[in-house]
Amino acid sequence: MVVDEVLKIIQRRRSSRVPFDPNCLVSEEKLRLILEAARWAPTAHNMQNFQVLVVDDREVLGKIGKIKSRVSEAFIRENYQQLSFSEEELLRKKVGILGTNFPPDWRDSATLDRAVRESSPSPLKDRLSGSPLLLIVIYDSRKRAPASEGDVLGFISLGCVMENMWLMAESLGISVHVLSVFSGDAVEKKVKRLLNIPEPMKIAFAMRLGYPVSKRTKQLRVRRDVEMLAHHNRFGNTGFS
Ligand SMILES: Cc1cc2nc3c(=O)[nH]c(=O)nc-3n(C[C@H](O)[C@H](O)[C@H](O)COP(=O)(O)O)c2cc1C
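The structure displayed is predicted, hence computed values, not measured ones.

### Notes on the overall build of the protein chain
Logical step 1: Secondary structure assignment for the protein chain yields nine helices and eight strands.
Logical step 2: For the protein chain, whose C-alpha radius of gyration is 19 Å, the value lies close to the compact-globule estimate of 18 Å for 241 residues.
Logical step 3: Dimensions along the principal axes, computed over C-alpha positions, put the protein chain at roughly 55 × 45 × 40 Å.
Logical step 4: Put simply, the protein chain has 241 residues, and 38% of those count as buried.

### Some details on a nonpolar patch on the surface
Logical step 1: A cluster of nonpolar side chains, namely Val2, Val6, Leu7 and Ile10, defines an oily patch on the protein surface of about 340 Å² accessible area.
Logical step 2: Along the polypeptide, Val6 turns up in helix α1 (residues 2-12).

### Examining the site of the ligand
Logical step 1: In the vicinity of the ligand there are 13 residues, among which Ser15, Arg17, His177, Ser180 and Arg221 approach most closely.
Logical step 2: In the environment of the ligand, an oxygen atom lies 2.8 Å from a nitrogen or oxygen atom belonging to the side chain of Arg223.
Logical step 3: Protein chains bury 63% of the 620 Å² of accessible surface belonging to the ligand in isolation.
Logical step 4: Elements with a contribution of two residues or more to the shell around the ligand: α8 (152-171) and β7 (175-179).

### Comments concerning the side chain of Asp140
Logical step 1: Along the chain, the position of Asp140 falls in strand β6 (residues 133-140).
Logical step 2: Here Asp140 falls in the buried class, since its relative accessible area comes to 10%.
Logical step 3: A distance of 2.9 Å separates the side chain of Asp140 from the backbone nitrogen of Arg142, its partner in a polar contact.
Logical step 4: Apart from the residues lying within four places of it in its own chain, the contact partners of Asp140 are Asn49, Pro200 and Met201.

### Brief notes about the packing of α1 against α8
Logical step 1: Here α1 crosses α8 at 100°, and the two axes come no closer than 9 Å. Relative to α8, α1 is oriented roughly perpendicular. Here Ile9, Ile10 and Arg12 of α1 lie close against α8, whose contacting residues are Leu167, Glu170 and Ser171.
Logical step 2: Considering only residue class, the contact of α1 with α8 consists of three nonpolar, one polar and two charged.

### Concerning the pairing of strand β8 (residues 201-210)
Logical step 1: Across the ten residues that make up β8, a large majority, nine, are buried.
Logical step 2: Inspection of the sheet shows β6 paired to β8 by eight bridges, in the antiparallel sense. Looking at the pairing, Leu134 lines up with Arg208 of β8.
Logical step 3: Judged from the five bridges that link them, β7 and β8 form a sheet pairing that is antiparallel. Paired with Val178 across the two strands is Met207, which belongs to β8.

Definitions and cut-offs
- Residues numbered from 1 in each chain as written.
- Predicted model: local features only at pLDDT ≥ 70, side-chain atom pairs only at ≥ 80, totals over all residues.
- Heavy atoms only, no water.
- Helix = DSSP H or I, 4+ residues; strand = E, 2+ residues; numbered from the N terminus.
- Rg over C-alpha atoms; globule rule 2.2 N^0.38 Å.
- Buried < 20%, exposed > 50% of the residue type's maximum accessible area, 1.4 Å probe, protein only.
- Patch = residues over 30% accessible without salt bridge, like charges linked within 9 Å, V, L, I, M, F, W, Y side chains within 5 Å.
- Areas by Shrake-Rupley, 256 points an atom, 1.4 Å probe, with all protein chains shown as cover.
- Salt bridge = Lys/Arg side-chain N within 4 Å of Asp/Glu carboxyl O.
- Near = heavy atom within 4 Å.
- Polar contact = N/O pair within 3.5 Å; in protein donor to acceptor, adjacent residues only side chain to side chain.
- Contact = heavy atoms within 4.5 Å.
- Axes fitted to C-alpha atoms, helices over the stretch in contact; angles between N-to-C directions.
- Parallel < 35°, antiparallel > 145°, perpendicular 65-115°, else oblique.
- Nonpolar A, V, L, I, M, F, W, Y, C, P; charged D, E, K, R; others polar.
- Pairing = 2+ DSSP bridges.

The following block contains the structure:
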């Protein structure tokens with residue numbers, strides 16, 4: 001029974017790239033459960049290398065919303081590599097995302113140069129899309145997992161924090177959208193200044209939470225089959241299905 005429910009929540013969790021209702025607030029009780037889930041996340045050496053900054057003040061959200069960000073050339077070009085151009089293609093590939101999530105210029109190799117040239121700064125308000133709650137996950141860049149080159153294990157730990165919070169939110173019926181843009185140099189600098197985040201703290205990512213304005217629409221989500229990712233005793237020995 002519990003196994004079924006855990007799996008259902010894992011499978012149901014998804015990115016909600018839709019506007020949220022600014023007047024539909026996440027209750028304090030639910031927020032506390034999400035923070036409790038963060039607290040219990042596994043981290044390398046149990047170093048608990050994170051802080052969570054909860055932003056739910058409309059005025060502060062408004063100020064964050066005014067910060068402008070510009071999509072980088074690297075993002076536009078590398079994003080293109082992950083795209084499928086039809087649902088059939090995505091179903092066949094089982095990895096990546098649908099091109100229709102992005103502007104038309106980003107989906108055509110012939111117009112990529114133009115998309116890069118014309119990429120202009122837009123306010124974060126467009127990404128926050130009405131969200132009444134923003135969680136900013138911060139890490140202390142001095143805390144490093146022992147003997148982990150580039151603190152890879154520390155970063156994996158931050159991913160565990162993300163997933164714990166995301167699954168808890170899902171189980172509470174709260175929608176989540178991860179916003180990596182907060183960790184990009186230009187935006188990070190401005191957000192840190194605005195919210196008094198001291199050096200040497202760094203922003204890992206932000207998550208906007210809330211309830212969509214309109215009902216959840218069906219969205220094509222794909223994953224590889226287990227036999228495409230699991231190997232038995234020797235690499236290449238697939239056969240789990
Ligand atoms: C580390 C990380 C960063 C992500 N950054 C973003 C982001 O900036 N914007 C976004 O829309 N989705 C972001 N995502 C969500 C992924 O694109 C998404 O999880 C993936 O496409 C699978 O879709 P699903 O979440 O609906 O299952 C991020 C996910 C992870 C794990």
